[in-house]
Amino acid sequence: MKKKIFSGVQPSGNLHLGNYLGAIKNFVNLQNGNDCIYCVVDLHAITSKQDPKLLNLNSIETVATFLASGLDSKKNIIFNQSSVSAHAEFAWILNCVSRVGWINRMTQFKEKAGTNKENASVGLYVYPVLMAADILLYDASHVPVGNDQKQHLELTRDIAQKFNNDFSCEGFIKVPEPIIQKEFSRIMSLKDGQKKMSKSDLSEQSRINLNDDKDTIINKIKKAKTDSSAFPANKEDLDKRPEAKNLINIYCSISEKTIENAISEFQGKNFSFLKDRLSDLIVEKICPIGNEIRKLLKDKEYLLNVLKEGNQRANAIAQIKLRKIYDKIGFLNLI
Ligand code: TYM
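Residues numbered from 1 in each chain as written. Predicted model: local features only at pLDDT ≥ 70, side-chain atom pairs only at ≥ 80, totals over all residues. Heavy atoms only, no water.

This part covers the overall build of the protein chain. Looking only at helices and strands, one finds 14 helices and 5 strands in the protein chain. In terms of overall size, the protein chain behaves like a compact globule, its C-alpha atoms giving a radius of gyration of 21 Å where 335 residues would be expected to give roughly 20 Å. Across its three principal directions, the C-alpha atoms of the protein chain cover 70 × 45 × 45 Å. Looking at the protein chain as a whole, 50% of its 335 residues qualify as buried. Pairs at least 24 residues apart make up 76% of the contacts formed inside the protein chain by residues separated by at least 6 positions. Here the protein chain has roughly 16,200 Å² of accessible surface; of this, 51% comes from carbon and sulfur atoms. One way to put it: in the protein chain the 48 positive side-chain charges average out to a point 1 Å from where the 39 negative ones average out. (Helix = DSSP H or I, 4+ residues; strand = E, 2+ residues; numbered from the N terminus. Rg over C-alpha atoms; globule rule 2.2 N^0.38 Å. Buried < 20%, exposed > 50% of the residue type's maximum accessible area, 1.4 Å probe, protein only. Contact = heavy atoms within 4.5 Å. Areas by Shrake-Rupley, 256 points an atom, 1.4 Å probe, with all protein chains shown as cover. Lys, Arg positive; Asp, Glu negative; His and termini not counted. Charge placed at Lys NZ, Arg CZ, Asp CG, Glu CD.)

Set out below in structure tokens:
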């Protein structure tokens, strides 16, 4: 059966291998045979401070990354969140449905706000509610994301159910299912196998950016942290070795091999052998994406037109759902 897919990526620059392997690669696989909507979530990006000129450029670059990774702008709706005002409007309604206790449990807020919680934006705090609005507005049945978004998806399901209960309209807001790969849904930093690969990491060496060139990729993999023990003998051993596990995971995710196959391939060899194979593989699969991003960015007009068309298509769906939501709530419709 056709799935209704919705997912989003923040245009905060430096899209990296984690974004690609954890999410965007899946977006591409899902585009055949499903109705897919992929959003550049610029409203989410401003939950932390953004330079307006950079936000503008990063939004365009995110579209370029979607297309360069293999998304088809005709098959899918590709749009930017702030151009469809229903997201912000529905988020307000869901703020009134959600409970403070639920939001207080969100671990990503705690991580991002760190020790300076008092100084974090209110937007960062209610960010998962906006995410719920994004998904629920389109009656999405499935949401492909990396593992770090799992808790936000669970919250989205709770919010959907509470809306239906509060307004006695069982089934009106669809309760979505997450699509999170069993393995490889959490790509870790190249410098610390316990930390997620992230665009906010201050160290460039911690991640492979999708627009890194060949030499940069080879250099980053060469310098990636490993431990001093011999290559792991089996999966159990690998589980205790976070940095080694991360490199093997990246290798398996890109080559679509199983962990067991990779372990036997590298058995008895040292880590530099794995690193050489891994850089070759990343260069082979990721460099063409970077090249295509650079090529697409030369034609901004085209990229803006992709968004314009997507915005119109998304807006048409979102407006109809929002009106139905307003009716359920009892808002007067007098325009
Ligand atoms: P964002 O922009 O941080 O990341 C985009 C996608 O990339 C995944 N990801 C990773 N996967 C594996 N390993 C990593 N190291 C890694 N880093 C990032 C994320 O899980 C995500 O799928 N809140 C979301 C954006 C969003 C959204 C939505 C997603 C807003 N509204 C509605 C789905 C549906 C976010 O900040 O993703």
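Moving on, we get to the pairing of strand β1 (residues 4-9). By the bridge criterion, 6 bridges tie β1 to strand β2 (residues 35-40) in an arrangement that is parallel. Counterpart to G8 in the pairing with β2 is C39. At this point the chain moves from β1, through helix α1 (residues 17-30), to the parallel β2, and the crossover so formed is right-handed. (Pairing = 2+ DSSP bridges. Right-handed = clockwise from strand over helix to strand, strands pointing away.)

Another aspect to go through is α1. In this model α1 runs 19 Å from its N-terminal to its C-terminal C-alpha over 14 residues, within 8% of the 20 Å that 1.5 Å per residue would give. Bending of α1 peaks at approximately 40° at the position of A23. Within α1, 13 of the 14 residues are buried, leaving the element largely enclosed by the surrounding structure. (Expected span 1.5 Å × (residues − 1). Bend = angle between axes of the 7 residues up to and from the residue.)

Our next topic: the pattern of salt bridges. Following the criterion strictly, the structure yields 22 salt bridges and no others. D227 serves as the salt-bridge partner of R241, at 2.6 Å between the closest nitrogen and oxygen. Here the residue R241 occupies a position in the loop between α10 (235-239) and α11 (242-255), and D227 occupies one in the loop between α9 (214-222) and α10, the gap between them amounting to 14 residues. What makes D227 partly exposed here is its relative accessible area of 23%. With a closest N to O distance of 3.8 Å, R241 and D237 form a salt bridge. A cluster of three or more residues bridged by salt bridges with shared partners is formed by E204, R207, D212 and K220. (Salt bridge = Lys/Arg side-chain N within 4 Å of Asp/Glu carboxyl O.)

This brings us to a positive patch on the surface. Residues K4, K174, K324 and K328 make up a contiguous surface patch of positive charge. Along the polypeptide, K174 turns up in the loop between α8 (150-166) and β5 (177-179). (Patch = residues over 30% accessible without salt bridge, like charges linked within 9 Å, V, L, I, M, F, W, Y side chains within 5 Å.)

Bringing the site of the ligand into the picture now. Near the ligand there are 27 residues, and of these Q10, Y127, D134, D148 and I187 occur at the shortest range. The contact in question runs from a nitrogen atom of the ligand to an N or O atom on the side chain of Q149, over 3.2 Å. A total of 710 Å² of accessible area belongs to the ligand in isolation, and the protein chains cover 98% of it. Mapped onto the shell around the ligand, the elements with two or more residues apiece are β1, α1 and α7 (122-136). A class-by-class count of the residues in the shell around the ligand yields 11 nonpolar, 11 polar and 5 charged. (Near = heavy atom within 4 Å. Polar contact = N/O pair within 3.5 Å; in protein donor to acceptor, adjacent residues only side chain to side chain. Nonpolar A, V, L, I, M, F, W, Y, C, P; charged D, E, K, R; others polar.)

Mapping R207 onto the fold places it in the loop between β5 and α9. Residue R207 is classed as buried on the basis of its relative accessible area of 2%. Among the polar contacts made by the side chain of R207, one reaches the side chain of E204 at a distance of 3.1 Å. Every residue in contact with R207, bar those within four places of it in the chain, is listed here: N14, H16, L190, M197, S198, K199, S200, D201, D212 and K220.

What follows concerns the packing of α7 against α8. Their axes nearest at 9 Å, the elements α7 and α8 cross at an angle of 65°. Between α7 and α8, the angle is such that the two are roughly perpendicular. The element α7 and its partner α8 pack so that their crossing is right-handed. Touching Y127, P128, V129, M131, A132, I135 and L136 of α7 are H152, L153, L155, T156, I159 and A160, all from α8. Tallied by class, residues from the contact of α7 with α8 come to 11 nonpolar, 2 polar and no charged. (Axes fitted to C-alpha atoms, helices over the stretch in contact; angles between N-to-C directions. Parallel < 35°, antiparallel > 145°, perpendicular 65-115°, else oblique. Left-handed = near helix turned anticlockwise from the far one by under 90°.)

With 18 residues, helix α3 (residues 52-69) extends 26 Å from end C-alpha to end C-alpha; this agrees with the ideal 26 Å at 1.5 Å per step. Among all positions of α3, only L55, N58, S59, I60, T62, V63, A64, T65, F66, L67, A68 and S69 are buried. Positive backbone phi, approximately 120°, marks G70, located one or two places after α3.

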